[in-house]
Amino acid sequence: MATRVLLRRGLGGAGGLGSAGPRLPARGSLALRGLASSTNRAGEDSWLKSLFVRKVDPRKDAHSNLLAKRETSSLYKIQFHNVKPEYLDAYNKLCQEVLPKIHEEKHYPCALVGTWNTWYGEQDQAVHLWRYEGGYPALTEVMNKLRQNKEFTEFRKERGNMLLSRKNQLLLEFSFWNEPVPREGPNIYELRSYQLRPGTMIEWGNYWARAIRFRQDNNEAVGGFFSQIGQLYMVHHLWAYKDLQSREDTRNSAWHKHGWDELVYYTVPLIQEMESRIMIPLKISPLQ
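Model, not experiment: these values are computed from the prediction. (Residues numbered from 1 in each chain as written. Predicted model: local features only at pLDDT ≥ 70, side-chain atom pairs only at ≥ 80, totals over all residues. Heavy atoms only, no water.)

## Points about the overall build of the protein
Secondary structure assignment for the protein yields nine helices and eight strands. Residues classed as buried in the protein amount to 41% of the 288 residues present. Residue pairs in contact within the protein that sit at least 24 positions apart in sequence constitute 82% of those at least 6 positions apart. Of the roughly 17100 Å² of accessible surface on the protein, 53% is carried by carbon and sulfur atoms. (Helix = DSSP H or I, 4+ residues; strand = E, 2+ residues; numbered from the N terminus. Buried < 20%, exposed > 50% of the residue type's maximum accessible area, 1.4 Å probe, protein only. Contact = heavy atoms within 4.5 Å. Areas by Shrake-Rupley, 256 points an atom, 1.4 Å probe, with all protein chains shown as cover.)

Here is the structure:
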């Protein structure tokens, strides 16, 4: 409004010269027109940027403190081992001999949550999920004790000859997810892994705190985790089903519940990549 008033005044001043020749705009008027045009372009640029630039609300605490379970101080480790195809049976046999000893050792503050082979997804792969009661100090304690364990040292050496590659991540458990407790089988397990866009973990947690209520009818929800060390902004959802058809039926039934489609609609833009593994538990796995 102020710019329009100044422009009118500038034009009025130019006309007041009483010249019979063609009227020329005053210099101030030209400058103000340029200013108005520049302001409009800046406004348009700002509006266009708002369409493509995602706004992330500032947080006053780490998302690990806002999303993790506070009543426990458990830390989880997930391991992905890509095994040489010709060694998979030998690898499984070796793990079934050694891993239960670590799980059952009372002086090790850790527990084997589950151990699987990937059935559909990346082939010849083993997945292990461990829980450390007491967080990072418990993890450090277990690692120090295992370094002094000759049987485990030999196990690592023999296992290393069977592997193509391996990686791990340290995880925390979402506060609103089910506790991953032992269950009887037979079951197949699906590990759905999501690479989120940086800065969207709180948003994901807010939506899934509601979405998990839609996925409880068949006791399929096992556990939900998010990464702290390793590949960051990773989320893992672990599900159990009787078979592949049960998985299909259970997932389809969620779409008939009011509100599920809306939550999916809002969470999909938060994802950069996603992967699904169908896994078969080993005989020693507490999750059968």
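## Some points on the side chain of H237
By the secondary structure assignment, H237 is in strand 7 (residues 234–241). Looking at H237, the relative accessible area reads 0%, which means it is buried. When sequence neighbours within four positions are dropped, the list of residues in contact with H237 reads F174, W177, E190, L191, R192, Y194, W204, W208, G223 and G224.

## Some words on the packing of helix 4 (residues 88–104) against helix 6 (residues 150–160)
Between helix 4 and helix 6, the shortest axis-to-axis distance is 11 Å and the interhelical angle comes to 155°. In terms of orientation, helix 4 lies roughly antiparallel with respect to helix 6. Every pair of crossing elements has a handedness; the one defined by helix 4 and helix 6 is left-handed. Contact with helix 4, carried on its side by Y91, L94, C95, V98, L99, K101 and I102, involves E151, F152, F155, E158 and R159 of helix 6 and no other residues of that element. (Axes fitted to C-alpha atoms, helices over the stretch in contact; angles between N-to-C directions. Parallel < 35°, antiparallel > 145°, perpendicular 65-115°, else oblique. Left-handed = near helix turned anticlockwise from the far one by under 90°.)

## Some thoughts on the nonpolar core
Nonpolar side chains tend toward joint burial in soluble globular proteins. Within the largest apolar cluster, 50 residues are counted, with the highest numbers of intra-cluster contacts made by I102, Y132, F174, W204, W208 and V235. The element that contributes the greatest number of residues to this core is helix 4, accounting for seven residues. In contact with W204, other than residues within four places in its own chain, are F174, Y194, L196, V235, H237, T267, L270 and I271. Counting 16 residues, the second largest nonpolar core, distinct from the first, contains F80, V113, W116 and L287. (Core = buried A, V, L, I, M, F, W, Y, C linked by side-chain atoms within 4.5 Å.)

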